[in-house]
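One letter stands for each residue in the lines below.
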Amino acid sequence: INGLLVIHANLSDFVVPESFSPDRSCPNEYSSMYAENSAYGHCKNVTWNPYGDGLAFENFDFPIGILKNWTQIEFIIENCYRKFNEPVEGKERDYPLCAAQVKNAMDAAKDTPTCIRRSNTVTNLNPQVYCDPIGDYNIFSFVEPLNSTNGTDSLPVKNDSVTIVAAKLDSFSLFEDADPASDSAVAGFVTLLSVVEALGRVKNQLAAYMQDSPLMFALFNGEAFDYIGSSRMLYEMENNFFPGYLEKDDIGAALIRPEHIKNFIEIGQVGIPEGNNLWMHTDPVSNKNPDVKKATEALLTHMTDAGTSAGLNFNQAPEVQPLPPASFQAFLKKYSIAGLVLTDHRSQFQNKFYNSRFDTHDRIGVIYPDDLPANQTYDYITDGAKHLAKVATAVANAVYATVTGDEGNITADEQVITHMLYCFLVDHQCELFNSSLNTANAKALEKNAGQDPFTTYVGVSPGQGWNSMLARNIIARFLGEVVSLNCSSADKCEEACKKMNDKENAESRWYLYQ
């Protein structure tokens, strides 16, 4: 084989495999907290991704490309293969045959240490870069600003006080820009964003608890590659650099260190439940500590009760079973923290297309009637949206109870989660995204019209990716302070917001019109 072209367009015209995952059967096994554990390491106890063949980690000595443009596909099949190459009555054609030339080369320089060393070698020739770091950003937010001082007195964060609610933001597949990640990532982070929206509506009730029991939301990026996002946040916490950069007019954000974390709730793959059942996974190693176990049991109780109220069954996975692949593992490698990972699977993944190009929105019930007018799909509440709204409702109430000690009465908005699923999975030319961007990015968004959903693969492109940028701005919409604008119409107010964003440092303030 000299090269391979993979057709990926109009999937309804082709037979989709029953399962396909190019990730390993034990995702992130070498960076797992259990990697050196004789009982749990390398999925000895449970094989999480039995459909994984590790194809993405194989070394191929020929190029492989993907074809998504149907015009190109049809030309190659009809005008090239069938016209010149297809055997006639079982007899192969004579040379010369029709061929396709693959020009996009990708080379590697041995391993990472070698690659970095070669790139950093000082020469008097033209500088060469042999490898690029994986890029993009984590996204995090507090319900209320956590200041280090009230102007007079110091307000340090207390040990065992911070509750983190997290999800991963990324996925990958064999091909960049062909990684919809509907259950692999999107169902989880959209549910978390819905939790943020729901708790944002009771922000004033939560405010009184935020100094003693801070609540932080985190979206980790690059988790498909050895948990680099969560590992980076932990590194910054350990080195007194989290949350990090401050503006000159900021009073000063209180530093968060690992010992400040009390609870960790992670929303994993939750889009393909068995009936109304979801599973809460805990770590058998850290729970050998009686204090951690007690705190974990309190979390499980809050989650179970909130799930029942939302019409879901939150079941506890076997205590002797390790955690599934999760960002929480990056923290548990070094610290004993109470927490759980919520998923749609008890043991092996429900998702048969984990980290693959076939993990499309229909897998999680985001399906639209054939006769539904195109201008109504944005507001159409799918079964998938209804399910994830229930999950968000349960998590929001459990978090509220964990932080305040009181029972919550919060309901996630089905319409909000409907809009997010549509924008992240179906068509990014949507009202939510457009109103969450400044002028330049809104124009760039318009240029992407008609393309596939934004990639969840972090890649090596410098700067911030679309999904992390939009997630950040959507969180700002849900948790931000309300300010008044002197404008005569909705269009002019939105235009005024975009102009202020063009002037402001986006890391400091972001204006959105609602």
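Now for a look at the structure at hand. (Residues numbered from 1 in each chain as written. Predicted model: local features only at pLDDT ≥ 70, side-chain atom pairs only at ≥ 80, totals over all residues. Heavy atoms only, no water.)

Regarding its fold elements, the chain presents 13 helices and nine strands. Taking 514 residues into account, the globule formula puts the C-alpha radius of gyration at 24 Å, and the chain, at 24 Å, falls close to it. Its C-alpha atoms give the chain principal-axis dimensions of roughly 85 × 65 × 65 Å. Considering the chain as a whole, with its 514 residues, one finds that 47% of them fall into the buried category. For the chain, long-range pairs separated by at least 24 residues make up 78% of all intrachain contacts whose partners lie at least 6 apart in sequence. Within the structure as shown, the chain displays about 26,300 Å² of accessible surface, and the carbon and sulfur contribution to it stands at 47%. Separation between the mean location of the 39 positive side-chain charges and that of the 65 negative ones in the chain comes to 4 Å. (Helix = DSSP H or I, 4+ residues; strand = E, 2+ residues; numbered from the N terminus. Rg over C-alpha atoms; globule rule 2.2 N^0.38 Å. Buried < 20%, exposed > 50% of the residue type's maximum accessible area, 1.4 Å probe, protein only. Contact = heavy atoms within 4.5 Å. Areas by Shrake-Rupley, 256 points an atom, 1.4 Å probe, with all protein chains shown as cover. Lys, Arg positive; Asp, Glu negative; His and termini not counted. Charge placed at Lys NZ, Arg CZ, Asp CG, Glu CD.)

Strand pairing in a sheet takes place through backbone hydrogen bonds and is either antiparallel or parallel in direction. Reading across from one edge, E3-E5-E4-E6-E9-E7-E8 is the order of the seven strands in this open sheet, with mixed pairing throughout. Pairing within the sheet leaves two strands with one partner each, and these edge strands are strand E3 (139-142) and strand E8 (313-316). Recorded for the sheet is a direction-independent mean angle of 20° between the axes of neighbouring strands. Each of E3 and strand E5 (215-220) is contacted by helix H12 (residues 466-479), which is oriented at about 10° to E3, the strand it contacts most. (Pairing = 2+ DSSP bridges. Axes fitted to C-alpha atoms, helices over the stretch in contact; angles between N-to-C directions.)

Purely geometric stuff here, so don't read any function into it on its own.
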